[in-house]
Amino acid sequence: MGAEPVTRTGRGRIALVMIDNPPVNSLGAAVRRALDREVAAALDDPNTAAIVIAGKGRMLSGGADIREFGKPPPADAPILPQVIDRIERGTKPVVAAIHGTAAGGALELALGAHYRVAATENTRVGLPEVTLGIVPGAGGTQRLPRTIGVKPALEMMTSGELIASKRALALGIVDALVEGDVVDGAVRFAERLVAEGKGPRRTREREDKLAEARANPNLVAEFRQQIKRSARGQESPGAVVDCVEAALTKTFDEALAFERATFQRLVGSDQAKALRHAFFAEREAARVKDLPEDIPAAPVGRAAVMGCGTMGAGIAICFANADIPVRVLESSPELLDKGLARIRQTYAGMVERKRLSQDEMDKRMALVAGTTAMADIADADFVIEAIFEDMALKKEVFRKLDAACRPAAILATNTSSLDVNEIAAATRRPDRVIGTHFFSPANIMRLVETVRGKATSRETIATSMALAKKLGKVGVLVGVCDSFVGNRMYYAYGRQADFLIEEGALPQQVDKAIQDFGFPMGPFATRDLAGIDVGYRIRQQRAAQRKAQGLPPDPRRYSPIADRIAEMGRYGQKTGQGWYRYEKGARAPVPDPEIEKLIVAVSQEKGIQRRPVTDQEIIERCLYPLVNEGAKILEEGIAQRASDIDVVWLYGYGFPRWRGGPMFWADQIGLAKVYDAMCRLYERDRDWLEPAPLLARLAKSGGKFAEV
Ligand code: NAI
């Protein structure tokens, strides 16, 4: 960096203080030092009547430099709260010009200014610190409530949501919106202030917006209760509430000090480390190790989805949402109608819940076309197959797709378990065949496992990863193995859940322990949601296949409980009964004595003496084998890196983000501890549980998955 990271120029009587620290004007030490100096100089300059603070390039500022987190601040630069304090105490009006994304420290800086104007287009503001396990540490928790009121400030800061310019105006975060150049607009705004003789309006002195909450102390208490439930063990949202409460009960300076202390305490916490890990892991997942940066991703102008069932409909919606025309192909006009209706209903539901305008729904529906003729999808750039999970059928369909589609088209399969290499071999373009494993519901879940076959070309990988991003997904590259990364690990986890209930636990106890760990749902409630029939059919098919191949039944430990429940016609939520009962129209699982009877009967049949199972045992039995399977996946090269496995679990299965993902979590616990526990489990119950060689090696050398 040669040039000054902050410049000051005169525009008549307005001083323009411009942050110029590419690429995103982050507020590192050099910027803070220069900003502090230039603001001080402008305040001293007798020719300056007002000050505008703005950012060059794409945004005002990207906020704090998160690489500085957890390190001691350099002694020769002011910390951000000091810079903001100087601005706020200034005796001349200061206007912040916001454009692009002003998140975290950037918005805190703007809240320290006396007035704010924002570009109408492409502006988003917010305080997302909570998602990194911390609280705003430069006055955000004090100045936002003073600017927009306690309730909206709590909502914004505990969700971390970024909001667009119009809402920012309506809430009162900004005073005016500017069409065209935001700096010019801010200068005009400042000139008007001077002309009207308006002086500084210091946020620290504004008390009116706090009055409502001061009059009603329950407001904060109720919000705290509510946030406690949704935070599922994450500390930072509650800490935000504490800081806002301090705004109501302490002086501004005391509350500011309280916020700073809270920030300092959290920034070095395990949760914040885990959340920073999750943040970087997601970015890292986009990088493919053996893919040079210059391999171009082919544009996807037209897409096709084959099979418009549960997954196909959701995937088609993803394309339409991303403004990519998509044609869905079904096997009969009736099924096509049904499939298109499924898409329409999903959108209509969003309109009903006010997540989408009718206008927008119409626009997106207009991008979706249907057909029953393969010739109609011949011109697609990217085809995703989402028909039944049946190898013979998929091979036949890929042969036909290969013949019908243009040679450059990429043919992807959404298979959740089948061998992508075998599917690819049914075509003459195995280099342009890949797996795109979406998760259900496909229009909501953000994970896509991008499955690379042995012949898949680098261009095909680049295009598929770029497409995932375009669809708003988090693509993670994985290799071919049975069930890929996420589901393969999930089986290891689910099996243990089954064995635990044979040994003495009940589904509700297992689910509660897993929820208390931080998952949104336990394994049994999850199965009720997904449908018990699906897994049942897969297990039946696999058993039949073994038989057809002349193999004896799998000798490993097997729990028949799920099969018995499926055979009772209890398929889960969709039939009102499964592992639990469901009241009509409700989604809350109710423990069912009938299932308890069934479980106890199975224990008896197997000669298992039921015993009390602790929550600690549930966590170790379910999650250590999951980590162990992850270690095998890593060693086999099925995942590129441990953090990719974490991303799969964060986005596909709701692993608590504040624990960083299973591999990071295991690294934190210490792999020796995980390994010892696996050895004990293996000793007792050989099946499936052999410790992964990689886990054994790392445990002995004191290593971590992160270093592999
Ligand atoms: P589904 O049964 O809901 O939908 C399959 C659709 O494909 C049906 O509408 C059927 O009419 C259509 N179809 C069948 N043969 C066809 C053909 N020759 N031409 C055109 N359309 C045809 O199945 P679902 O659940 O959507 O699964 C689809 C694929 O996605 C499977 O490979 C499955 O393993 C995979 N998958 C499923 C997940 C889930 O949670 N349901 C999750 C991830 C992947």
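A.B. asks: Explanation requested: the pairing of strand S11 (residues 326-329) in the structure shown.
C.D. replies: Put simply, side chains in a regular strand alternate between the two faces of the sheet. With four bridges connecting them, strand S10 (residues 303-306) and S11 associate as parallel partners. Bridge pairing in S11 places Val 305 opposite Val 328. With helix H13 (residues 310-321) bridging S10 and its parallel neighbour S11, the resulting β-α-β unit is right-handed. Across four bridges, S11 lies against strand S12 (residues 368-371) in parallel orientation. Within S12, the residue paired with Leu 329 across the bridge is Thr 371.

A.B. asks: Please explain the site of the ligand as it appears in this structure.
C.D. replies: Near the ligand, the surroundings consist of 22 residues, among which Met 311, Glu 330, Glu 389, Lys 394 and Ser 416 are the closest. Ile 387 is positioned such that a nitrogen or oxygen atom in its backbone is 3.3 Å from an oxygen atom of the ligand. For the ligand, whose unbound accessible area comes to 820 Å², protein coverage reaches 78%. Those elements giving two or more residues to the shell around the ligand turn out to be H13, helix H16 (391-404) and strand S15 (433-438). By residue class, the composition of the shell around the ligand is 10 nonpolar, nine polar and three charged.

A.B. asks: Help me understand the packing of aromatic side chains, please; the structure alone is not making it clear to me.
C.D. replies: To describe a pair of aromatic rings, one takes the distance between the centres and the angle between the planes. Considering all chains together, one arrives at 17 aromatic pairs under this definition. Connected via pairs of aromatic rings, a cluster forms that spans Phe 439, Tyr 490, Tyr 493, Phe 517, Phe 519, Tyr 624, Trp 649, Tyr 653, Phe 655 and Trp 665. The ring centre of Trp 688 lies 3.6 Å from the NZ or CZ of Arg 556, which sits over that ring. Taking the ring centre of Tyr 682 as reference, the NZ or CZ of Arg 686 above it sits at 4.4 Å.

Cut-off values and rules
Residues numbered from 1 in each chain as written. Predicted model: local features only at pLDDT ≥ 70, side-chain atom pairs only at ≥ 80, totals over all residues. Heavy atoms only, no water. Pairing = 2+ DSSP bridges. Helix = DSSP H or I, 4+ residues; strand = E, 2+ residues; numbered from the N terminus. Right-handed = clockwise from strand over helix to strand, strands pointing away. Near = heavy atom within 4 Å. Polar contact = N/O pair within 3.5 Å; in protein donor to acceptor, adjacent residues only side chain to side chain. Areas by Shrake-Rupley, 256 points an atom, 1.4 Å probe, with all protein chains shown as cover. Nonpolar A, V, L, I, M, F, W, Y, C, P; charged D, E, K, R; others polar. Phe/Tyr/Trp six-rings, centres within 6.5 Å; stacked < 30°, edge-to-face > 60°. Lys NZ or Arg CZ within 6 Å of the ring centre and 35° of its normal.

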